[in-house]
Amino acid sequence: MQKDFSYLLPQVTELCHETGKWIAQARQTFSPQDIEVKEKNSLVSYVDRTAEEKLTETLYKLLPEAGFLAEEGTTIKNNAELQWIIDPLDGTTNFIHNLPVYAISIGLEYEGKTVLGVVYDIPHDEMYYAAQGKGAFCNREKIRVSATTEISDALIATGFPYSAFGYMKQYLKVFEPFMMQSRGIRRLGSAALDLCYLAKGRFQGFFEYNLSPWDVAGGVIIIQEAGGILSTFDGKENYVHGRSIVGACTHELHTKMLEILSLW
Ligand code: IPD
Ligand code: CA
Ligand code: CA
């Protein structure tokens, strides 16, 4: 049954704003000693963990029946039917290097569908949000994807590995046509922002392999509500949990991207 969770948007955006302010302050005093290495090139710090605590504490109060799937492991409650999917800091490597491309990403999933999403682009103070059937917004202004139908008119965002290189052949196979046919490929280092920038018309396409649910759960509904098209690399709907995602501003462009990704 469809349920309206849009009443939560003012509180969740306010929470992201406050937590984002705290992250920006932490950046000012951040030092290399604060970096911890999870595994090769997978970095984290107290900032990711503290931000997650702040977010989950308030979200729990807002909707006590909801469970959590959060990157830094918060398990206040499990509830697969209704759950918050959280990345407290998407773009951690950028944050650590003081490259201003990082965000908070929060999605609310109900009966397997993302029904609410908030992504806060902290350095640019851009708050992206959407709820099912209510449109997508950036700082209170309605946003919409571009009308581009050709890869030759598209700027394409992607991400690629920095630690596990088992799929190198597949990456190279698909990069060649995208490099040769598009206006260019960008690798910003924050999947949540790649999705929001597609929703806002800055990018026309996005694809990435091996993302986790918390990288995309906030952004996918913002794309859908902005009129974009999403699937897995093989055209299926399981793009939040399915580990491959392709997004495009139009059906035509999406089909052309899937053709290239069939080489994967
Ligand atoms: C990463 C970013 C990046 C993507 C990686 C993610 P993190 O998230 O979204 O763009 O390519 O696969 O892990 O580690 O910065 O939260
Ligand atoms: Ca992430
Ligand atoms: Ca993260």
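Q: Now, about the overall build of the protein chain: what can you tell me, with residues and values included?
A: Of the regular secondary structure elements, the protein chain holds 7 helices and 14 strands. If you line up the protein chain on its principal axes, its C-alpha atoms span 45 × 45 × 30 Å. In the protein chain, the proportion of contacts linking residues at least 24 apart, taken out of those at least 6 apart, comes to 62%. Carbon and sulfur atoms provide 49% of the accessible area of the protein chain, an area that totals close to 12000 Å². Seen as two clouds, the 24 positive and the 33 negative side-chain charges of the protein chain have centres 2 Å apart.

Q: Describe the coordination of the calcium ion (ligand 2), and please don't skip the residues or the numbers.
A: Around the calcium ion (ligand 2), the protein supplies Asp87 (OD), Asp90 (OD) and Asp215 (OD) as donor atoms, at distances of 2.1 to 2.2 Å. Between the donor residues of the calcium ion (ligand 2), the gaps in sequence give the motif D-x2-D-x124-D. In this structure, the calcium ion (ligand 2) lies 3.7 Å from the calcium ion (ligand 3), and both are coordinated by Asp87. With Asp87 in strand 4 (residues 82-90) and Asp215 in helix 6 (residues 213-225), this pair connects stretches of sequence that are 128 residues apart. Accessibility expressed as a relative area gives 12% for Asp215, which makes it buried.

Q: Mind laying out the coordination of the calcium ion (ligand 3), listing which residues take part and the relevant values?
A: Looking at the calcium ion (ligand 3), one finds its protein donor set to be Glu71 (OE), Asp87 (OD), Asp87 (OD) and Leu89 (O), positioned 2.2 to 3.1 Å from the metal centre. The motif formed by the donor residues of the calcium ion (ligand 3), counted along the single chain, is E-x15-D-x1-L.

Scoring rules and cut-offs
- Sequence order as written defines the numbering, with residues in each chain counted from 1.
- In the order they appear in the text, chains get letters beginning with A and ligands get numbers beginning with 1.
- The predicted origin of the model limits local features to residues at a pLDDT of at least 70 and limits the giving and counting of side-chain atom pairs to 80 or more, whereas totals for whole chains, interfaces and linings rest on all residues.
- Note that the side-chain values use all heavy atoms of the structure and ignore hydrogens as well as water.
- Every helix listed is a DSSP run of H or I at least four residues long, and every strand listed is a run of E at least two residues long, numbered separately from the N terminus.
- Residue contacts are defined here by distance: any two heavy atoms, one from each residue, within 4.5 Å place the two residues in contact.
- Where accessible areas are quoted, they stem from the Shrake-Rupley method and a 1.4 Å probe; at the residue level, only the protein chains shown are allowed to cover.
- Only four residue types enter the charge count: Lys and Arg as positive, Asp and Glu as negative, with His and the chain ends excluded.
- Where a charge lies is defined by one atom per residue type, namely NZ (Lys), CZ (Arg), CG (Asp) and CD (Glu).
- With water omitted from the atoms examined, metal sites may look incomplete; donors here are N, O and S atoms no farther than 2.8 Å from the metal, or 3.2 Å in the case of Na, K and Ca.
- Only protein chains enter the accessibility calculation, which uses a 1.4 Å probe. A residue is then buried if its area is under 20% of the maximum for its type, exposed if over 50%, and partly exposed in between.

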